[in-house]
Structures are given as structure tokens and as C-alpha cells.
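# Observations on the model geometry
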Amino acid sequence: MKTNSILLLLFLSIAICCNAQRTEFLLEKNWKFTKGDNPNAKDIDFNDAGWEVVTIPHDWAIYGPFDRNNDLQEVAVTQNFETVSSVKTGRTGGLPYVGVGWYRNKFDIDLFDKNSEEVRLLFDGAMSEARVYVNGQEVCFWPYGYNSFHCNITNYLNPNGKNNLVAVRLENLPQSSRWYPGAGLYRNVHVIKTNKVHVPVWGTHVTTPFVSKEYASVCLKTTIANNEGKKVRVETQITDKAGNVVVEGNDAQKLNEGKDFEQNFIVDNPRLWSPENPYLYKITSKIYLDEKLVDEYNTPLGIRDIKFIAEKGFFLNGERRKFQGVCNHHDLGPLGAAVNEAALRRQLTLLKDMGCDGIRTTHNMPAPELVRLCDEMGFMMIVENFDEWDIAKCKNGYHRFFDEWAEKDMINMLHNFRNNPSIVMWSIGNEVPTQCDDKGYKVSDFLQDICHREDPTRPITSGIDQVTCVLENGFAASIQIPGLNYRTQRYIETYENTPQKLILGSETASTVSSRGVYKFPVEKKANALYDDHQSSSYDWEVCPWSNIPDEDFALAEDYEWTLGQFVWTGFDYLGEPTPYHTDAWPNHSSMFGIIDLASIPKDRYYLYRSVWNKKENTLHVVPHWTWQGRENEITPVFVYTNHDSAELFVNGKSYGRKSKSKESLDTRYRLIWMDVVYQPGELKVVAYDKNGKVADEKIVKTAGKPHHIELIPDRTQLSSDGKDLAYVNVRIVDKDGNLCPHDATEVRFTVKGEGKYRASANGDPTSLELFHLPKMSAFNGQLTTILQAGEKTGELVLEAKAKGLKTGVIKINIK
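What this report covers is the structure whose coordinates are included nearby.

Basis of the calculations
- Residues numbered from 1 in each chain as written.
- Predicted model: local features only at pLDDT ≥ 70, side-chain atom pairs only at ≥ 80, totals over all residues.
- Heavy atoms only, no water.
- Patch = residues over 30% accessible without salt bridge, like charges linked within 9 Å, V, L, I, M, F, W, Y side chains within 5 Å.
- Areas by Shrake-Rupley, 256 points an atom, 1.4 Å probe, with all protein chains shown as cover.
- Salt bridge = Lys/Arg side-chain N within 4 Å of Asp/Glu carboxyl O.
- Helix = DSSP H or I, 4+ residues; strand = E, 2+ residues; numbered from the N terminus.
- Buried < 20%, exposed > 50% of the residue type's maximum accessible area, 1.4 Å probe, protein only.
- Pairing = 2+ DSSP bridges.
- Axes fitted to C-alpha atoms, helices over the stretch in contact; angles between N-to-C directions.
- 1 Å grid on protein atoms, 1.4 Å probe; cavity = no way out; pocket = protein on both sides within 12 Å on 5 of 7 lines; lining within 4 Å.
- Points joined across faces, edges and corners; volume = space filled by probe spheres on them.
- Nonpolar A, V, L, I, M, F, W, Y, C, P; charged D, E, K, R; others polar.
- Parallel < 35°, antiparallel > 145°, perpendicular 65-115°, else oblique.
- Left-handed = near helix turned anticlockwise from the far one by under 90°.
- Contact = heavy atoms within 4.5 Å.
- Core = buried A, V, L, I, M, F, W, Y, C linked by side-chain atoms within 4.5 Å.
- Polar contact = N/O pair within 3.5 Å; in protein donor to acceptor, adjacent residues only side chain to side chain.

## Looking at a nonpolar patch on the surface
A contiguous nonpolar patch, built from Phe210, Tyr215 and Ile266 and spanning about 270 Å² of accessible area, is present on the exposed surface. Note that Phe210 resides in strand β13 (residues 204-211). On the basis of relative accessibility, which here comes to 39%, the residue Phe210 falls in the partly exposed class.

Set out below in C-alpha cells:
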């Protein structure tokens, strides 16, 4: 055994030596954190013994408590046509994100040689106004909380590379956001050690100048830092998913100052990237100086061709298609802003099943994990940068930094993500007040020029909401791809009065609903307000400035020059609780989402799925059929299905067969029975295909008394990485398993084994229950509990208890 151990150690030492050109690791554990300011916290000898120990990513505000007075804002929301200021409660989620926070940690750089190596800290995002100190000295400042940035810390490290202190001061001012931004080191922190001569952070740029099914050209430009004009040799391989070498190159060049190392390749019979087949290659480059290997760098590659053609629309790999996308804010509901790859994958999995193929990152740069997942899972992205430019939306918003920092932020965003095939457009802003300024086009041109300079392969859009002024002052004509936020009634006018002859639905619908809530009588309403502070899930309620989904479906289908849409929003998010946003506490989360804050689909999910998901059938019935006290009252029934027609039965009595028709928007995408009389029992829908044959049926039964807790995990096996998550749908059901759709029982949770309880949410926008405590009330019979894997293999056991109900238990394997 001893001999084997020595051989193993020898093998590992050789492996480390042979890959010593570049070392990267995450600073995740053992951070010390405190809320509040202390200017001495940057010092090496500062005593942080009383600080909280946390793991990064970390959002200090998500733990609450909720409070009406947290970031209470008295403003007029001009983009919603408000002219008089009013008190906005819950606008930023009612959570304590405002203030100063400090983080401290220590790290070692093994075998450090200051004369021949460089070390950088890379922050994927830090909320916000980050000041970074190493061993007591400030090494960089970056104000924008959503952007990635990096600092060269080589000259600040201890000579032996050991016991280095990193301290980060963050500050969030009040009225600095329109939604919940989160707080703290909410994205990952990387330590990167390289040789002096190396490929810098985001130091490659790959393009595909020509793409066909027969072959594709690939151009790779590599920046090589500190090469001092010497001759450099680069060996590059492009490999497929299986690791097979597809093509390779071995080139040597003398690099003049400011020049990149360029290589060109031909990939024969390429597998083209698309949402349906998101095929990825990998580029590996080895850098040699004086025939010594000094660096090795990987670059993602997806081969695809994008074109936007006036009058005709968007073409991916030569095929026209319309975007079926959603907008999402960056928070992960009960997890807050702290990024987690498993949580993002869960979101994208739900959206994929709905038929969604696009994500607009509103209104800021995304986490790198999201972009990588979109590459892998097949989502076309619009990556957006700013919610305001030089004119304020928020008193302490980004306009304070725009003049000095906009170009720096743009460059970081573009360099960070320009190699990702999922990104098909850049967005330079959202509903910016500058759009109505007579000189606004100059700011637009400034930002678009940066995009074209740093990445000439993608077009640029911007979310526009003030249609009258942008048509009059030329702003709309200055945007490469005009994006309209809502304003469906002005699409044709905008198309006719702009030279691009293309219109993108950059933000659409903003229909509002609360999962499992239904209001009677069933009517189309704008700005509907109720005593319970909820909105109806018949999906006919909107804001004064928005519309129902049906209008956007029709625009996409009826006009070639429309590019499709990005719905506001895929998921509910913390903050912006419209229409209950003006002195309407306790509302503190949005109601726009197709999926609620607990990651449970609302009825609207199935309306989109019935139109967007072309591969699978959809048959969904609205509402539930448990209405004690509504006996003999009119209770309309809506059916969302991809089938052309269906027949409705209540306790065996037919209410007739309905068919979709383009004669009315109401009947084009929904089957509606407005005259149904409620009687307890069984609601049955039979769907028919185009030939009139029975294709599917759905039965909804009246629920009995609550009997037991049903637990349905999205996954039964997790990785033992200490990060992986399982989302468990917790349902209160009767003895026959029917959901009890009015139940609000408090459920308490116990977790044992190799993992822990992470959070719960119920999707109720008025609930003030804290996410991290192991208890939560059901909202209309359901909630979600999130479990987190540990770092050892074994079993994780969740037990859910509630008074008067049979306990639910499930087991999750940790591997």
C-alpha cells in the first residue's frame, strides 16, 4: 500500500507540473461577512472573529426580514405614464439590500514567482460599488454590480504567495434599483495564476465567417499578453463533443504591439448549433514562447449562421423562425440573487418544456453560468447591459457612472460573452429616458459603435417604450433592430415609419396572474385590483400599458417582418409587485411571471406551451373544480390545447364542442365556454385532432377534505458537490390524490442525511414568510421546497409534516 501511495503522489506531482502554466480555483468557502461599515476591515490585523462565516455566492439580503420600510420609494414611474409621485411599497422586494457589507477571506498561491507569473482576481459580479483590497491595499474599484471584472493582484501578494488577505467592501444605496438587486458577493470569485506571457481573461475571439452544411470557416484571434514582440507559436485543436480532433493548426508569428494572433480553420460537415440541436465544439490553444509551453486556453465554439433580413425576419442556419422567448430578472426566487447552476438549469428545463427558445437578460449582464447553460441547452439570448444611461430612472441608479464607466462595462460584457453561440443579439438598453432626448441617438450610436467594434458579428437592439417620441426624433431609426416593449397597437405604425423594416417584441404581454386564483365574473380588465391583493388566473388581466398573450401570438403569425417576442416574464421575481405597487403592502414580488416565484407553472404556462411546443401535446383546463359555495353559479371554463377543437362535460353533461377560429382573437388560441354552471363532481375535456378523431382527454375532479402531503421531486439523484439542488413540489391532497386548491396549511420540514434544507416558497406575492426557515404555508394547495446536496455520497431524507395531515417522506440519492 505504501508503494502505491508513493506512486500516486508522484503521478499527481507530474500532472500538476505539466499543467502548471495556468491554475484557476474558486474562492467559495470560509468567507467572513458583516453588515455595516468599518474602514479598518481592509487591514491585515483587523479582528473579524465575530463575523459570520459564509459561502460564496452569497446574498446578504434574502434572509430578510421583509419590511414595508425597506427602500420605500416615493416616485412617479414615467415609463408607466405616471405624472405624480406616489409611495411605492415592495418595489425592490421589501428586503434589506441597502447598506454596506464587508467580506474577508485568505488564500494561498502555491509555488508563486512574482517575476515570472501573474495572478488575477475575477469577480463574476458583486453588488455593488465594489472596492477590492489585497493585503490591506486597494487593487480595484468597479461600481456596476451586474458586470464581471478582474484585478491584477500580482504586486500585492505576499512574497511567498501564502496567507493573502482579500477584503471586499460593497455598498448599495437606497433608490438604486427598480427591482430586487440582491446584495453581496452573489456570483463566483475566481483566482487565476498564469505565466507572465499568457492569454488574458476573455482573451480569445472566435467567429464563423462562412457557414454551410458542407463546411464552415472558423477564425480564432488570440491575445497574448507580455509577449514583447517575440515570435510566438500556437497549437490549436478543435474537438467535437466526443473529444475527437476535427481540425488542428500549428502556426508561428511575430506579434507586433497591439496585434492578436490569428488562425483560420475549415470544419467539414459541421454540426450546426440551434435550439433544437445545441451542438458544441471546443477549441484548445497551447501557447509556446521560445519553444516552451507557457499557457493553455479553452474557447467554446458553436457553429451557426444568423441573419436579419428586412421585411423577411430572422434566419438561423438559413431557416426563418420567430423568437419564442422570455425576459427574466436575475434573482432565483427564494434563493435570492446568489447564483446556483442547478437552480438556473431547473428554470431552463421548465422553459424548454414550454417551447421557449430565447432568453433576454433583463436588464443587465447575466451570470456566466446562465450563458453556458443556454449554449448547452439551446436558448438564443439577447444579452442586455443597462436600464438607464445618462438620464436617471432611479435617484441613485447607473446614470451616476454612465459617462465614465459605460464603455468599460460594455467592453467587459462583450469580451466575456462574444464567443458564446447562444447569444444572437446585444441589447444596449431598456426603456431609457434618453430615448426621448433630441440628442439621444448620439448616445445610442456611441454604444452601438462599441458593440460593432468589439463584436461585428451580432446586431444590436434596445427596448423602446415611448413610441411617439422615438419616431419623431429619429431614435428608433438609429437602432439596428428596433425593439418594442408592448405597444402592440403601434407595431404597424413603427414598421411603416422606420427604415429597418423589422420589429422585435423585446418585451411583451405583462399579463398578471396569481397561481390558483380565479376572479368572477370573468372579464378582460386592465389594472384590476382586489381586496386580497391577487390577480386572476383566467389570464385576461393586464396593466394599463400591456396586453394579453393572444395579441403577441397573432402579431408573430400574421406579419413576416415581426421577429417574435420575449415575454415579460418567464418567472415571477422579487420586487415590482404591479398592479399592487402603490402603497399596497404586503405585495413585494411580481405577478407577471408565466411561472411563479416557487417555480410552479401558472395556467398561462400551458397557453404558451399550446402554441410554442410543436413536439408534444398540451391539454390544460382552467379553473380547478372545487368551488364550495358556487353551486349553480356561472363558472367559465378555458381550455389551452394545441388541438383544434374539444368538447366539455360536467358530470357527463355536454356543454358542446368548441373549435379554434381566426374570426376572433378570443377563439384563435383558446377554447372558451362562458356558460358553464358549477356543480361538484367531474369536469372532463375531450380534445379532437384535425380529422375529428379523439386525441386526448383531461379530467378534473372536485377535491375532498385535505388528507395527506404529497412530495414530488424534480430529481431523485444529486451530485455530491455541496451545490446541487432538488426542487420538491409539496402538494396538499385529498385521500384520492386530488389537489386541495384552497388549502393554506403550514408545512414544517425536517431534513436528514447527506444534505440540507435550503429554502421554500409558495408563490404568494403577499406572503411575508421567510424563505430560509424550514416551514412554509401552502398557497392554493402547493409550495416548493429546495434541498441542497452535501459533499458526501449517501441518502438525503425529507420529511414534511402538517397538523391533521398524513406526513410526506421522500429520499434523494447523493452520488
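This is not the end of the story, as more comes after the structure.
## Some details on unusual backbone geometry
Look at the link from Thr578 to Pro579: it is a cis peptide, with omega at 10°. Within the fold, Pro579 resides in the loop between β32 (562-568) and α10 (603-612). The amide bond that connects Val622 to the next residue, Pro623, takes the cis arrangement and shows omega of 5°. Position of Pro623 relative to the elements: it lies in the loop between β33 (619-622) and β34 (637-641). Even without being glycine, Asp290 reaches a positive phi, approximately 55°. Among the structural elements, Asp290 can be located in the loop between β18 (281-289) and β19 (292-301). Residue Asp290 is classed as exposed on the basis of its relative accessible area of 61%.

## Overview of the sheet that holds strand β16 (residues 245-254)
Ordered by their spatial adjacency, 4 strands build an open sheet running β16-β15-β18-β19, and the pairing between neighbours is antiparallel. Both edges of this open sheet fall to β16 and β19, since each of them pairs with a single strand only. Neighbouring strand axes in the sheet, compared pairwise and without regard to direction, differ in orientation by 15° on average. The sheet contact formed by strand β15 (residues 231-239) and β16 spans 9 bridges and is antiparallel. Note that in β16 the partner of Thr239 across the bridge is Val245.

## Quick notes on the pattern of salt bridges
Counting across every chain of the model gives 51 salt bridges. Arg178 is paired through a salt bridge with Asp387; the nearest N and O atoms lie 2.7 Å apart. Here Arg178, found in the loop between β11 (164-172) and β12 (189-195), pairs with Asp387, found in the loop between β25 (380-384) and α4 (402-417); they are 209 residues apart in sequence, far enough to count as distant. The exposure class assigned to Arg178 is buried, which follows from its relative accessible area of 6%. Linking Glu746 and Arg748 is a salt bridge whose minimum nitrogen-to-oxygen distance equals 3.2 Å. Residue class for Glu746 comes out partly exposed when judged on its relative accessible area of 33%.

## Notes on the layout of surface pockets
Taken as a whole, the second largest pocket spans an internal volume of roughly 980 Å³. What lines the second largest pocket is a set of 42 residues, and nearest its centre among them are Tyr606, His620, Arg731, Leu739 and Gln782. For the lining of the second largest pocket, the secondary-structure elements that each account for two or more residues are α2 (341-354), α10, β33, β39 (694-701), β40 (708-713), β42 (725-733) and β46 (782-789). The greatest single-element share of the lining of the second largest pocket, amounting to 5 residues, is contributed by β39. Counted by class, the lining of the second largest pocket contains 18 nonpolar, 14 polar and 10 charged residues.

## Notes on the packing of α4 against helix α5 (residues 440-454)
Each pair of packed helices gets described by two things: the angle between the helix axes and the distance between those axes. Across the interface, α4 lies against α5 with an axial gap of 10 Å and an inter-helix angle of 30°. If you check the angle between α4 and α5, you find them roughly parallel. In this structure, α4 meets α5 at a crossing whose hand is right-handed. Contacts between α4 and α5 involve Phe402, Ala406, Glu407, Met410, Ile411, Leu414 and His415 on the former and, on the latter, Val443, Phe446, Leu447, Ile450, Cys451, Arg453 and Glu454. Of the residues that constitute the contact of α4 with α5, the class distribution is 10 nonpolar, 1 polar and 3 charged.

## Things to note about the environment of Arg609
Mapped onto the secondary structure, Arg609 falls in helix α10. For the pair formed by Arg609 and Gly355, sequence separation is 254 residues and the distance between their alpha carbons is 5.8 Å. Setting aside chain neighbours within four positions, we find Arg609 in contact with Asp353, Met354, Glu616, Asn617 and Thr618.

## Things to note about empty space enclosed by the protein
Taken as a whole, this structure holds 8 cavities of 30 Å³ or more when the rule is applied. In this structure, the largest cavity encloses a volume near 350 Å³. Around the largest cavity, the lining comprises 26 residues; the ones closest to its centre are Tyr144, Tyr146, Ser176, Gly397 and Tyr398. For the lining of the largest cavity, the residue count by class is 12 nonpolar, 8 polar and 6 charged.

## Brief notes about the sheet that holds strand β29 (residues 503-509)
The 8 strands lie next to each other as β23-β24-β25-β26-β27-β28-β29-β32, forming a closed barrel whose pairing is parallel. Averaged over neighbouring strand pairs, the angle between their axes works out to 25° when direction is ignored. Strand direction decides the pairing type here: strand β23 (residues 323-328) and strand β24 (residues 358-361), joined by 4 bridges, are parallel. Bridge pairing in β24 links Cys327 to Arg360. Where helix α3 (residues 368-377) meets the sheet, it contacts β24, β25 and β26 (423-430), and its direction lies at approximately 160° from that of β25.

## Points about the nonpolar core
Formed by 201 residues in total, the largest nonpolar core has its most connected members in Val132, Leu185, Phe323, Leu351 and Phe386. Residues contacting Phe386, with those up to four places away along its chain left out, are Tyr144, His363, Met365, Tyr398, Phe402, Ala406, Asp409, Met410, Ile428, Gly429, Asn430 and Leu447. Counting residues in each nonpolar core, the second largest holds 15 residues, with Val211, Phe265, Val267 and Ile303 among its members.

## Here we look at the side chain of Arg668
Mapped onto the fold, Arg668 is located in helix α11 (residues 665-668). In this structure the side chain of Arg668 is engaged in a polar contact, spanning 3.1 Å, whose partner is the side chain of Tyr669.

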